[in-house]
Amino acid sequence: MNPDSPAYMAMVAWCQNTWVSEFLRGATWRLASVETAHLLGLLVWFGTILMVDLRLLGWMFESQPASEIAGGVAPFGTAALAVQGITGPMLFLATAMKALMSITFAVKLTLLAIALTYHFTVHRRAVRAAGSEARNRRAASVSLTLWFGVALAGLWINA
Amino acid sequence: MILAMTLLHAAQLLQDSALGTTIRESNWWYAVLNVVHVLALMVAAGSIMFFDLRLLGVGLTRTPVSEAAARLLPWTWRGFAVMALTGCLLISSEAERLYFNTAFRVKVVCLILAGLNVLLFHFTVFRGVAQWDRAAVTPARARMAGAFSLILWVSMLAAGRMIGYTLDT
């Protein structure tokens, strides 16, 4: 959609002024709490990525298969994704105008889409089927790079 | 009282130093340090969190505690080293304002408590880890250390986030 078109401006204005947006902007502690929750969700999600990818790289827990490590951390990963799925859109609505004008936000969402797709396809196959060491290392390296990229772009929005 | 005044004076000197001034006056440096500080937090917290969860018996329960410690905690220290460096540089840019900031004080107290928790754990219950290495349910003191660690890290995170909101006003 053309950013200058009235329809686009109307959409931005609508996102910026939902009741969630206004509620969150109503008090500093509300926005700060949601941001803290979003950061906490990132830490837990990245922690699960770190556990599995360091195992795929062969840097730790060699006595256990990667699938066992992945299974063990999966509930935390799912919980973290759920928290991000709720707090992310909330933060977007609170700062929609800023987000939609920012290239960094677009970069973050693009990287996020790529990272999630990679995670649930290539990365998941590497975890489940004991493939070659080279393939595992590649999957882990790409995964860590993508998630670091998502975090970096996300942090840069507010930096 | 004398200590507090010395600390405040040190904070003023730090803030007025060439290093502190450079970081404060360059938006770019400040932003980069801030982002690197949190990226390092991801590694430090991501690793210690799963060690704490192992101590609590809710994660990685099939991994021996000593192995989890040997493999995870080095990553915590690597992340922490970067956090300490970037944290000190960030402090230097606004030391005097931080001195009076409540959120910053809470964060420092939590950091000290977390340090004490680590020391206490390593010099007491962790010494006998051989006896409960493979146990899914660890001794009460080990579980307490894990719980305190998680609570203190979350508190530091929340306090750190609040600094950004309370410093500018």
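Our subject is the structure listed above.
About the criteria used
- Residues numbered from 1 in each chain as written.
- Chains lettered and ligands numbered in written order.
- Predicted model: local features only at pLDDT ≥ 70, side-chain atom pairs only at ≥ 80, totals over all residues.
- Helix = DSSP H or I, 4+ residues; strand = E, 2+ residues; numbered from the N terminus.
- Buried ≥ 20, exposed ≤ 12 C-beta atoms within 10 Å, placed from the backbone.
- Contact = placed C-beta atoms within 7 Å.
- Core = buried A, V, L, I, M, F, W, Y, C linked by C-beta atoms within 7 Å.
- Expected span 1.5 Å × (residues − 1).
- Axes fitted to C-alpha atoms, helices over the stretch in contact; angles between N-to-C directions.
- Parallel < 35°, antiparallel > 145°, perpendicular 65-115°, else oblique.
- Left-handed = near helix turned anticlockwise from the far one by under 90°.
- Nonpolar A, V, L, I, M, F, W, Y, C, P; charged D, E, K, R; others polar.

A. The arrangement of the overall build of chain B in detail. The helix and strand tally for chain B stands at seven helices and zero strands. Traced from its N-terminal end to its C-terminal end, chain B shows the element sequence α-α-α-α-α-α-α. Looking at chain B as a whole, 36% of its 169 residues are labelled buried. Considering only contacts within chain B whose residues lie at least 6 apart along the sequence, 79% involve residues at least 24 apart.

B. Fine view of the overall build of chain A. Along chain A, the regular secondary structure elements total seven helices and zero strands. If you list the helices and strands of chain A from N to C, you get α-α-α-α-α-α-α. If you line up chain A on its principal axes, its C-alpha atoms span 55 × 35 × 25 Å. Here chain A, with 159 residues, has 35% of them falling under the buried criterion. Put simply, of all contacts in chain A between residues at least 6 apart along the chain, 76% involve residues at least 24 apart.

C. Highlighting the interface of chain A and chain B. On the side of chain B, 24 residues touch chain A, which itself brings 26 residues to the contact. Listing elements by their share of the side of chain A that touches chain B, those giving two or more residues are helix 3 (28-56), helix 4 (66-94) and helix 7 (133-158) of chain A. At 13 residues, helix 3 of chain A tops the list of elements feeding residues into the side of chain A that touches chain B.

D. Structural context of the nonpolar core. By size, the foremost hydrophobic cluster in this structure holds 68 residues, and its most contacted members are Leu43(A), Phe46(A), Val52(A), Leu41(B), Met42(B) and Ala45(B). Each residue touching Leu43(A), except ones within four places of it in the same chain, is listed here: Leu41(B), Met42(B), Ala45(B) and Gly46(B). In terms of nonpolar packing, the next biggest core, distinct from the first, is built from seven residues, Met90(A), Leu93(A), Ala94(A) and Ala99(A) among them.

E. The arrangement of helix 7 of chain A in detail. With 26 residues, helix 7 of chain A should cover 38 Å at 1.5 Å per step; its first-to-last C-alpha distance of 38 Å lies within 8% of that length. Within helix 7 of chain A the residues assigned to the buried category are Asn136(A), Ala139(A), Ala140(A), Ser143(A), Leu146(A), Trp147(A), Val150(A), Ala151(A), Ala153(A), Gly154(A) and Leu155(A). Looking at the packing, one finds that the buried side of helix 7 of chain A touches helix 3 and helix 6 (103-128) of chain A together with helix 3 (27-56) of chain B.

F. Representation of the packing of helix 6 (residues 102-123) of chain B against helix 7 (residues 140-166) of chain B in the model. Residue and element names in this part refer to chain B. Where helix 6 meets helix 7, the closest approach of the two axes is 8 Å, and the angle between their N-to-C directions is 160°. Taken together, helix 6 and helix 7 sit at an angle that is classed as roughly antiparallel. As for the relative orientation of helix 6 and helix 7, their crossing is left-handed in sense. For the pair formed by helix 6 and helix 7, the contact residues are Thr102, Ala103, Phe104, Val106, Lys107, Cys110, Leu111, Leu113, Ala114, Asn117 and Phe121 on the first element and Ala145, Phe148, Ser149, Leu152, Trp153, Ser155, Met156, Ala159, Gly160, Met162, Ile163 and Thr166 on the second. Tallied by class, residues from the contact of helix 6 with helix 7 come to 16 nonpolar, six polar and one charged.

G. Spotlight on the packing of helix 2 (residues 18-25) of chain B against helix 4 (residues 65-93) of chain B. Residues and elements named next belong to chain B. Direction vectors running N to C along helix 2 and helix 4 enclose 85°, while the axes themselves pass 7 Å from each other. As far as their axial angle goes, helix 4 and helix 2 are roughly perpendicular. Each of Leu19, Gly20, Ile23 and Arg24 in helix 2 lies in contact with helix 4, whose residues at this interface are Leu89, Ser92 and Ser93. The class makeup of the residues in the contact of helix 2 with helix 4 is three nonpolar, three polar and one charged.

H. Representation of the environment of Leu39(A) within the structure. Here Leu39(A) lies in helix 3. Taking the number of C-beta atoms within 10 Å as the measure of exposure, Leu39(A) has 22 and is therefore buried. Along the backbone, Leu39(A) and Cys15(A) are 24 residues apart, and their C-alpha atoms lie at a distance of 22 Å. For Leu39(A), the residues in contact, after removing those within four places along its chain, are Leu157(B) and Arg161(B).

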